[in-house]
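# Commentary on secondary and tertiary structure
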Amino acid sequence: MAMQHVDVLIVGAGLSGIGAAYHLQKHCPGKTYAILEGREAIGGTWDLFRYPGIRSDSDMYTLGYSFKPWKAAKAIADGPSILDYVRETAREHDIDRHIRFKHLVKRASWSTKTATWTVEAEHDGQPVTFTCRFLHMCAGYYRYSAGYTPDFAGTERFKGRIVHPQHWPEDLDYSGKTVVVIGSGATAVTLVPEMAKTAAHVTMLQRSPTYVVSRPAEDGIANWLRSKLPAMTAYGITRWKNVLFQLFFFNLARKKPEKVKERLLSMVREHLGPDYDVETHFTPRYNPWDQRLCLVPDADLFDALKSGAASVVTDHIDTFTESGILLKSGKTLEADVVVTATGLQLQLLSGMEVVVDGKVADLSQSMSYKGMMFSDVPNLASVFGYTNASWTLKADLTSEYVCRLLNHMDRTGADYCVPRLDGEVEAAPWLDFSSGYITRSIGHFPKQGTRKPWKVHQNYALDLMTLRMGKVEDGVMQFGRKTGASAKAAPEKVLEPA
């Protein structure tokens, strides 16, 4: 089978991949591209996750694309609405015809001789090969095949049903049943109030609490602006309003953690009343924004707790029993259904093996360049969003920057760009976050430096200045020509849209 070639190969047809394709079409209209998607549909996370109540924990004015206004009334949107938004974007810009579904990427090999990536994928059990000049990874940051579930003792004895939210069974009927949701993160606080609507009772079982903040599902200012101004203008104002508030709140939490902690807990007490044990169930052992805060729209979790439809238990699991879970305290939780909302398994570049000039690249030993590229790895960028704000803010900037690189190489006649370490750079963990899903896997991810451009800024305004307006030739990004004088730049076959 002849190799299929494009200028840019995008991996992943989720929120990031569709956005990357839009920016490529807009800023590099002469470039050919294709999107390889391992699954059968557009949407990534928003198509994979089907658990009850699935929604964003970022407002849609920042999770939405910079170029496509969010027009629905709810700022904290449900999963199906977000999926429709992503798919609508693909249709509107004729992106969907560039997608190759059920193409699971396995390996990517770079040749400096030809300045080309050779990407090996699997389609319907058969190997397929693509070549490209630039590889843009938009495959997310976690393993799609399975979520993370601790090895709980006694699960084989449990006669009820155990499910993980990442692969929610369509036939699960929990109405009138007793449910235990294990976890205290974004998924758990979403599931509990939604399942409590029809279940007999839902218990959120957590080892330790998380900061939980309620905010209105609708943004009143945004809806008012949209009624008075053109959609794009209203969207832009609201987007910046929310970005600036997020930056202010995050910086305040870093500078005055005790003050922010006190305010967050007082808000929980306002919702749950003076008699609720906030100290035990909603007071974390860490400072705000050492881990991501959990957002609940319109106080739905607190309302479920106040109504008695749901409850929180803070304890450790000893073992599963035939009818439920025995806790370390000696207490037993009866359950018909147990949901293990215990997190994700992080995965870099969707588990793809990277080879540079015949040598397998250990990316865990590389240094992250501007939070999107890897030291000594040419013509490859990877999208990773913010931990303290929405994913798409950084995804948009990354895709714009990739286009700047491509256009710069065209203007200067370069075949490749590669970040090279400029002297000694002190290494630090890529993500400064204490969440379990991060600490379990951070050793497999690249390092970051303590100075730019190796430092990963969790700051949209700073990244905006750097990535949209900063110099492409910064002394660290090196540009070169392919080394094979007679090497063919052209592939055997140019891949056309389906």
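The following refers to the structure shown. (Residues numbered from 1 in each chain as written. Predicted model: local features only at pLDDT ≥ 70, side-chain atom pairs only at ≥ 80, totals over all residues. Heavy atoms only, no water.)

## Let's talk about unusual backbone geometry
Comment: phi is negative for the bulk of residues other than glycine, and the bulk of peptide bonds are trans. Omega for the bond connecting K452 with P453 falls within 30 degrees of zero, at 0°, which places this linkage in the cis form. With respect to the helices and strands, P453 occurs in the loop between β24 (447–449) and α13 (460–469). One non-glycine residue, D357, lies in the positive phi region at around 50°. Note on placement: D357 falls in the loop between β17 (353–356) and β18 (359–360). (Helix = DSSP H or I, 4+ residues; strand = E, 2+ residues; numbered from the N terminus.)

## What to know about helix α5 (residues 186–195)
Among the 10 residues of α5, seven are classified as buried, and the element is accordingly described as predominantly covered. Those residues of α5 lying buried are A188, V189, T190, L191, V192, P193 and M195. (Buried < 20%, exposed > 50% of the residue type's maximum accessible area, 1.4 Å probe, protein only.)

## Some points on the sheet that holds strand β7 (residues 161–163)
An order of β7-β16-β8-β9-β12 is seen for the five strands of this open sheet, with the pairing classed as parallel. Across the chains shown, the open sheet's two edge strands, defined by having one partner strand only, are β7 and β12 (310–314). Neighbour-to-neighbour, the strand axes of this sheet turn through a mean angle of 20°, independent of strand direction. Across five bridges, the pairing between strand β9 (residues 201–206) and β12 is parallel. Bridge pairing in β12 places T203 opposite S311. (Pairing = 2+ DSSP bridges. Axes fitted to C-alpha atoms, helices over the stretch in contact; angles between N-to-C directions.)

## Regarding the pattern of salt bridges
Under the counting rule described, the total for this entry stands at 26 salt bridges. Between R254 and D290 there is a salt bridge, with the nearest N and O atoms lying 3.0 Å from each other. Here R254 is found in helix α7 (residues 231–255), whereas its partner D290 is found in the loop between α9 (278–281) and β11 (294–297), with 36 residues between them in sequence. Under the relative-accessibility criterion, D290 is labelled partly exposed at 24%. Ionic pairing is found between D463 and K394, a salt bridge with its closest N-O pair at 3.8 Å. (Salt bridge = Lys/Arg side-chain N within 4 Å of Asp/Glu carboxyl O.)

## Focus on the sheet that holds strand β13 (residues 317–320)
Read across the sheet, three strands follow the order β13-β14-β15 without closing on themselves; strand pairing throughout is antiparallel. Both edges of this open sheet fall to β13 and β15 (332–334), since each of them pairs with a single strand only. Going across the sheet, the axis of each strand differs from the next one's by a mean of 20°, ignoring polarity. Relative to β15, strand β14 (residues 324–327) is paired through three bridges, and the arrangement is antiparallel. When the bridges of β15 are listed, I325 appears paired with L333.

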